[in-house]
Amino acid sequence: MKLTAAVAQTASVLLDTPATVERALALMAQAAAQGAQLIVFPEAYIGGYPKGADFHIYLGARTPQGRAEYKHYFDAAVTVDGPEIALLAQAAAQHRLHVVVGVIERDGGTLYCTVVYLGPEGQVLGKHRKLMPTALERLVWGFGDGSTLKAVDTPWGRLGAVICWENYMPALRMAMYQQRVTIYCAPTADDRDTWASTMTHIALEGRCFVLSACQHLRRAQFPDAQMRNALPDSADGVLMRGGSLIVDPLGRTLAGPVFNEDALLTAELDLDLIPQAQMDFDAVGHYARPDVFSLRVNTAPQPAVTLGGGA
């Protein structure tokens, strides 16, 4: 069985969610025209990854200006049942696409870095909230829990997403491998040269196809009038340079990495390659040693308050 997959490398229109949704819709149409049945967008694509923003956060102190900047960011976030996701789902049905899209999800007074899965019938198949925001991300995004670690079913097997530096969490990767993920998506904001080696390792370790999408964001696209950028100016004005790529289960790069430009990468994925690759390595099968190692994954939701009657 084969499918054509696409990875989108482009920037959000920061603090302008309707414009970002329009950009996503155009990329979905372009991918479908090229024969894609699946498209993956970068981390925090809808809602934005404001690289260089610090929201004036200091140990023991915040500022009114920083709170105002955060309010702009909060307003750009979306809800999974909101009109922005509905538009993307409608387009997924129109183009018969599976879609994996990074969003900043608003839930009450908290923002989450989330991936939403959309199906070709226009349905929301599921979502994954980032478990471990990294560094300053922790001060603007909440922590996900194990209830959203579930991969979703597709005609090509299980589809899952692990966001940015979650990919450095060995236990989380094993939780995905145990679900027999065939298409492992890695939306990210990491544009370093080392990211490609991480994706190659995961493809080999999980014996799965790995699709990584990163933004190509230039400082000129950053809304300085509404949000301070604390990074020093670079000669080329690039805040995120991309590096998106597609890797097969034997660690061979099928597309990318591409840097310093917008791109729509496509590749044909031959699913028959997965059992061939698992012949000599299956991390949660014949190469596992459950008599020595074990992993417990708590997949129960973790609400702050549970309302209900007593015994």
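Everything that follows concerns the structure shown earlier in this document.
Residues numbered from 1 in each chain as written. Predicted model: local features only at pLDDT ≥ 70, side-chain atom pairs only at ≥ 80, totals over all residues. Heavy atoms only, no water.

S.K.: Give me helix 4 (residues 170-178): which residues, what numbers.
M.R.: Each full turn of the α-helix corresponds to 3.6 residues, which orients residues three or four apart in the same direction. All buried positions along helix 4 are accounted for by Leu172, Arg173, Ala175, Met176 and Tyr177. Its buried side turned inward, helix 4 meets strand 7 (157-161), strand 8 (181-188) and helix 5 (194-206). Following helix 4 by one or two positions, Arg180 adopts a phi angle in the positive range, close to 60°. (Buried < 20%, exposed > 50% of the residue type's maximum accessible area, 1.4 Å probe, protein only. Helix = DSSP H or I, 4+ residues; strand = E, 2+ residues; numbered from the N terminus. Contact = heavy atoms within 4.5 Å.)

S.K.: Which residues make up helix 1 (residues 17-33), and what values go with them?
M.R.: Look at helix 1: 24 Å from first C-alpha to last across 17 residues, which is about the 24 Å you get at 1.5 Å a residue. When we look at burial in helix 1, the residues that qualify are Thr17, Thr20, Val21, Ala24, Leu25, Leu27, Met28 and Ala31. Relative to the axis of helix 1, the buried residues are bounded by an arc of 165° and lie together on one face. Opposite the buried face of helix 1, by more than 90 degrees, sit the exposed residues Pro18, Glu22 and Ala33. (Expected span 1.5 Å × (residues − 1). Arc of directions from axis to C-beta.)

S.K.: Which residues make up the nonpolar core, and what values go with them?
M.R.: With 52 residues, the main nonpolar core has Val100, Leu211 and Leu269 as its most contacted residues. What Leu269 contacts, discounting residues up to four positions off in sequence, is Met1, Lys2, Leu3, Ala5, Phe209, Leu211, Ile246 and Leu254. The next biggest cluster of nonpolar side chains, apart from the first, holds 27 residues, and it includes Val78, Val101, Val103 and Leu118. (Core = buried A, V, L, I, M, F, W, Y, C linked by side-chain atoms within 4.5 Å.)

S.K.: Give a detailed account of the packing of aromatic side chains, specifying residues and quantitative values.
M.R.: Inspection of the entire model under this criterion finds 9 aromatic pairs. Taking the centre distance of 5.8 Å and the plane angle of 40° together, the rings of Phe55 and Tyr73 count as tilted. Here Tyr73 lies in helix 2 (residues 64-76) and Phe55 lies in the loop between strand 2 (38-40) and helix 2, a separation of 18 residues in the sequence. There is no split in this pair, since Phe55 and Tyr73 are both buried. Note on Tyr177 and Tyr184: the rings are 6.3 Å apart at their centroids and 40° apart in plane angle, and the pair reads as tilted. Each member of the pair Tyr177 and Tyr184 is classed as buried. Here the aromatic residues Phe55, Tyr70, Tyr73 and Phe74 are joined through ring pairs into a cluster of three or more. Positioned over the ring face of Phe74 is Arg106, at 5.6 Å from the centre of the ring. Between Arg129 and the ring centre of Tyr112, over which it is positioned, the NZ or CZ distance is 3.8 Å. (Phe/Tyr/Trp six-rings, centres within 6.5 Å; stacked < 30°, edge-to-face > 60°. Lys NZ or Arg CZ within 6 Å of the ring centre and 35° of its normal.)

S.K.: So, unusual backbone geometry: which residues are in play, and what are the values?
M.R.: In this model, Gly256 is joined to Pro257 through a cis peptide bond whose omega is -5°. Relative to the helices and strands, Pro257 resides in strand 12 (residues 253-259). Positive phi is not limited to glycine here, since Asn260 has a value of about 65°.

S.K.: So, the sheet that holds strand 13 (residues 263-270): which residues are in play, and what are the values?
M.R.: One open sheet holds the 6 strands; their spatial order is 5-4-3-2-1-13, and the pairing between them is mixed. The open sheet has two free edges, formed respectively by strand 5 (124-129) and strand 13, since each of these has just one partner strand. Strand-to-strand twist in this sheet, taken as the mean axis angle between neighbours without regard to direction, amounts to 30°. Pairing of strand 1 (residues 2-9) with strand 13, which is carried by 8 bridges, proceeds in the antiparallel orientation. Considered in strand 13, the bridge of Gln9 is made with Ala263. Taken strand by strand, helix 3 (residues 83-95) contacts strand 3 (98-107), strand 4 (110-118) and strand 5, and its axis lies near 15° from that of strand 4. (Pairing = 2+ DSSP bridges. Axes fitted to C-alpha atoms, helices over the stretch in contact; angles between N-to-C directions.)

S.K.: Before we move on, could you go through empty space enclosed by the protein and cite the residues and values that matter?
M.R.: For the structure shown, the criterion picks out 1 cavity of 30 Å³ or more. What the largest cavity holds in volume is close to 40 Å³. Around the largest cavity, the lining residues are Thr188, Asp190, Asp191, Arg192, Asp193, Trp195, Ala196, Cys214, Gly242, Gly243, Ser244 and Phe259. Broken down by secondary-structure element, the contributors of at least two residues to the lining of the largest cavity are helix 5 and strand 11 (238-247). For the lining of the largest cavity, the per-class residue count stands at 4 nonpolar, 4 polar and 4 charged. (1 Å grid on protein atoms, 1.4 Å probe; cavity = no way out; pocket = protein on both sides within 12 Å on 5 of 7 lines; lining within 4 Å. Points joined across faces, edges and corners; volume = space filled by probe spheres on them. Nonpolar A, V, L, I, M, F, W, Y, C, P; charged D, E, K, R; others polar.)

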